[in-house]
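Remarks on the overall topology
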Amino acid sequence: MANKTINIKLRVWRQNGPHDKGHFEEYELNNVPTAASFLEMMDLLNEKLISEGKEPVAFDHDCREGICGACSMYINGRAHGPATGVTTCQLHMRLFKDGETITVEPWRAKAFPVIKDLMVDRSALDEIIKAGGYISVNTGGAPDANTIPIPKDVASRAFDAANCIGCGACVATCKNSSAMLFVAAKVSHLALLPQGQVEAKERVKKMIAKMDELGFGSCTNTGACEVECPKGISIAFIAKLNREYLNANLMP
Amino acid sequence: MAGFLNSSIGKKFLMSISGLFLILFVGLHATLNSLLLIGPDTYNIAAHFMATNVFIKIMEPILALGFIVHIIYAFILEISNYYKRGPVRYAMTVRRHQSTWSSRNMIWLGIIIFVFLAVHLANFFWKVKFGGVPETTVNGVKMHDTYTLVVSLFQANIWIDLLYVLGAIALGFHLHHAFWSAFQTLGWSNEKWRKIWTTLGDIYAVIIAFTFGIIPLYFYFVK
Ligand code: HEM
Ligand code: SF4
Ligand code: FES
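Residues numbered from 1 in each chain as written. Chains lettered and ligands numbered in written order. Predicted model: local features only at pLDDT ≥ 70, side-chain atom pairs only at ≥ 80, totals over all residues. Heavy atoms only, no water.

**What to know about unusual backbone geometry**
Residues and elements named next belong to chain A. Positioned with a positive phi, Asn31 is a non-glycine residue whose angle comes to about 55°. Relative to the helices and strands, Asn31 is located in strand 2 (residues 23-33). Not every positive phi belongs to a glycine, and Asn76 is a case in point at roughly 50°. (Helix = DSSP H or I, 4+ residues; strand = E, 2+ residues; numbered from the N terminus.)

Take a look at the structure:
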């Protein structure tokens, strides 16, 4: 069991740069340990390609422990592959069958242009954060913890939203390429806490304006994002975002 | 305000408000239609009341506006969202277990409803407004015999009946997603209320689709 291996076929998107047309390339990879993560399998593929004198597949990755959100890959038609609640680095080869063909594509969204192969530019999400996803405080001595009392249920709710790692799976999955789940998580996380409430109205207006400007689609409440979100962010936060936005615009 | 209405959420807000208005309208319309099953006089009196009522006269243009806003924004959002995917689309997608079929096909369901609506208006609304309806007298009051107009249409041609049934089914599936979605768009939802809205919405959708769908079949096959 421990040393079980499988042979797989890979259909990987190769694209030489932002302006290349791109195409699928097929590879065979034998003796892949089922205990390997998907990224370790990609490492094996790249070692093989390098030893054959070919160009390795470019893909994003960093922490490899499910917290940085870098490892964007659309695997067999789903963001981060067939498992729910995980990123690609936390996906394991035991979920694939011997002899299976696995299709690997980059995130596809107008707002996430391909840099190379499977690597996309997700900095549009950073632009949205820069537009308002912060609180303004004076620097100085660090305040004591718990000087602002926050009820446990409020803190937990804010933390549920703060779990978002900015991976972009919601955008990649959504049929409208909408970033509403991401923005909802960021807006809610701050709007729930007293420190964030001061700038809440300005924040939500600026972040939505930026989101629209950068070419993300508009939400039609299909709910696909929450199914594929590795951190289980609920679309109840999208309702909260709508509430915050309507409030900021329609209430005097 | 212009900025708000041009924002993604502002456009959805208009969809939601116009959609909720249409939901109230179809509820009223289905209730009225169900009187067809009771008998000619009951239905004709109700139809006469609706045709001469001041409130309904005021609501008529607002209803037309509701449809127009809803349909225009549906196409604006749908088309602009389509291009947000970028130059290349996915070679493989598995959407089955991510979202409901209705939620992914709102525009197609809407287009079926729209086609039905055009035929429906040509069948009845046009005739009632611009003549060609037989007259009758109920309790000494002269009025349109709308009952005969409706029933003779439904008995004339099975294809018309099937189009009406198709329209009813499409509306049912449209409402399956639309009902809860409208409240989500307004921000009136969370984990608990989502269950309540989807349950209420499904009950409403089934009642509406059944009422609209059964009437043409009843007159073709039973009466
Ligand atoms: C006649 C043609 C129609 C078309 C083309 C149409 C199209 C659409 C589309 C594309 C959506 C999804 C939009 C979105 O979620 O952003 C939608 C939502 C909706 N539709 Fe319709 N529809 C039509 C008729 C109706 C009717 C007759 C009703 C009511 C009985 C209705 C009620 C709704 C509601 C409540 C929503 C949800 C709004 C929201 O998500 O905020 N629609 N419609
Ligand atoms: S909401 Fe979920 S899917 Fe979207 S960026 Fe955050 S963690 Fe990723
Ligand atoms: S590499 Fe950091 S989440 Fe996968």
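**So, the site of ligand 1**
Surrounding ligand 1, one finds 24 residues, the nearest of these being Lys12(B), His70(B), His174(B), Ser181(B) and Thr185(B). Ligand 1 sits at the junction of chains A and B, each of which supplies nearby residues. A distance of 2.8 Å is found between a nitrogen atom of ligand 1 and a side-chain nitrogen or oxygen belonging to His70(B). Within the side chain of Thr185(B), one N or O atom sits 2.7 Å away from an oxygen atom of ligand 1. Of the residues contributing to the shell around ligand 1, the split by class is 14 nonpolar, 9 polar and 1 charged. (Near = heavy atom within 4 Å. Polar contact = N/O pair within 3.5 Å; in protein donor to acceptor, adjacent residues only side chain to side chain. Nonpolar A, V, L, I, M, F, W, Y, C, P; charged D, E, K, R; others polar.)

**What to know about the packing of aromatic side chains**
For the structure shown, the criterion picks out 22 aromatic pairs over all chains. When the centroid spacing of 4.9 Å and the interplanar angle of 90° are considered together, the rings of Phe116(B) and Tyr164(B) count as edge-to-face. Pair noted here: Phe116(B) is in helix 6 (residues 106-130) and Tyr164(B) is in helix 8 (residues 158-185), with a separation of 48 residues, a long-range link. By the burial criterion, Phe116(B) is buried, and Tyr164(B) matches it. Counting every residue linked through ring pairs, the aromatic cluster contains Phe179(B), Phe183(B), Trp188(B), Trp193(B), Trp197(B) and Tyr204(B). Arg11(A) extends its terminal NZ or CZ atom over the ring of Phe24(A), reaching a point 4.4 Å from the ring centre. (Phe/Tyr/Trp six-rings, centres within 6.5 Å; stacked < 30°, edge-to-face > 60°. Buried < 20%, exposed > 50% of the residue type's maximum accessible area, 1.4 Å probe, protein only. Lys NZ or Arg CZ within 6 Å of the ring centre and 35° of its normal.)

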